[in-house]
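Examining the three-dimensional arrangement
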Amino acid sequence: MNIETTLKEAMAIEGAVGVALVDYESGMSLGTLGGGPHLDLEVAAAGNTEVLRAKQRTLKSIDMDDEIEDILITLGHQYHLIRPLVSTSGSLFLYLALDRTRSNLALARHSLKRLEAGLEV
């Protein structure tokens with residue numbers, strides 16, 4: 001499935017507010033969908049790039065030989081999921097913002113994993 005289809009399917013996840021496919025080497029998004037005046041997905045993509053890089057540096061510095069499946073940031077009204085894509089060659093991650101009152105976190109994580117498996121870049 002292509003980027004556009006992946007983003008559309010991610011926005012179909014219950015409670016989705018916005019989604020971005022991001023290259024964490026550059027911090028630039030390859031595509032976004034959703035967002036709005038209170039969620040600038042381009043700014044969020046760049047900021048979450050730094051979150052992912054920091055966690056990767058930390059794992060390396062403590063000699064932890066493991067992969068990040070996802071990173072969860074819990075806010076008062078939203079969940080933010082960062083999922084590095086190991087199934088694609090390159091340095092990509094999916095970023096999904098969810099409304100806490102309308103989402104199921106476990107289902108959203110499962111859905112992102114499924115979307116990753118079908119994504120072709």
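So, a few notes on the structure that sits alongside this text. Because the structure is predicted, anything quoted here is derived from the model rather than measured.

It is worth spelling out the nonpolar core at this point. Within soluble globular proteins, side chains that are nonpolar generally end up buried alongside one another. Counting 17 residues, the largest nonpolar core has Ile13, Leu21, Leu96, Leu98 and Leu112 as its most contacted members. Taken together, the elements giving at least two residues each to this core come down to α1 (3–11), β1 (16–23), β4 (78–84), β5 (92–99) and α3 (105–118). Here this core takes four residues from β5, the largest share from any one element. Membership of the second largest hydrophobic core comes to 15 residues, among which are Leu41, Ala45, Tyr95 and Ala97.

The subject of this paragraph is the environment of Ala108. Within the secondary structure, Ala108 sits in helix α3. When the C-alpha atoms of Ala108 and Ala10 are compared, they prove to be 8.6 Å apart, with 98 residues separating the residues in sequence. Filtering out sequence-adjacent residues up to four positions away, Ala108 remains in contact with Ile13, Leu81, Leu96 and Leu98.

Turning our eyes to something else, we now look at the sheet that holds β1. Pairing is antiparallel in the open sheet, where five strands are placed in the order β2-β1-β5-β4-β3. Of all strands in the sheet, those with a lone pairing partner are β2 (28–34) and β3 (71–74), marking the two edges. Taking the axes of each pair of neighbouring strands and ignoring which way they run, one obtains an average angle of 15 degrees across the sheet. Sheet topology note: the β1/β5 ladder contains seven bridges and is antiparallel. In the sheet register, Val19 faces β5, and the bridge partner there is Leu96.

Residue Asp63 is not a glycine yet carries a positive backbone phi of 55 degrees. In this structure, Asp63 sits in the loop between α2 (41–61) and β3. With a relative accessible area of 69%, Asp63 lands in the exposed category.

Analysis parameters
Residues numbered from 1 in each chain as written. Predicted model: local features only at pLDDT ≥ 70, side-chain atom pairs only at ≥ 80, totals over all residues. Heavy atoms only, no water. Core = buried A, V, L, I, M, F, W, Y, C linked by side-chain atoms within 4.5 Å. Buried < 20%, exposed > 50% of the residue type's maximum accessible area, 1.4 Å probe, protein only. Helix = DSSP H or I, 4+ residues; strand = E, 2+ residues; numbered from the N terminus. Contact = heavy atoms within 4.5 Å. Pairing = 2+ DSSP bridges. Axes fitted to C-alpha atoms, helices over the stretch in contact; angles between N-to-C directions.

These values are about where atoms sit, not about what they do.
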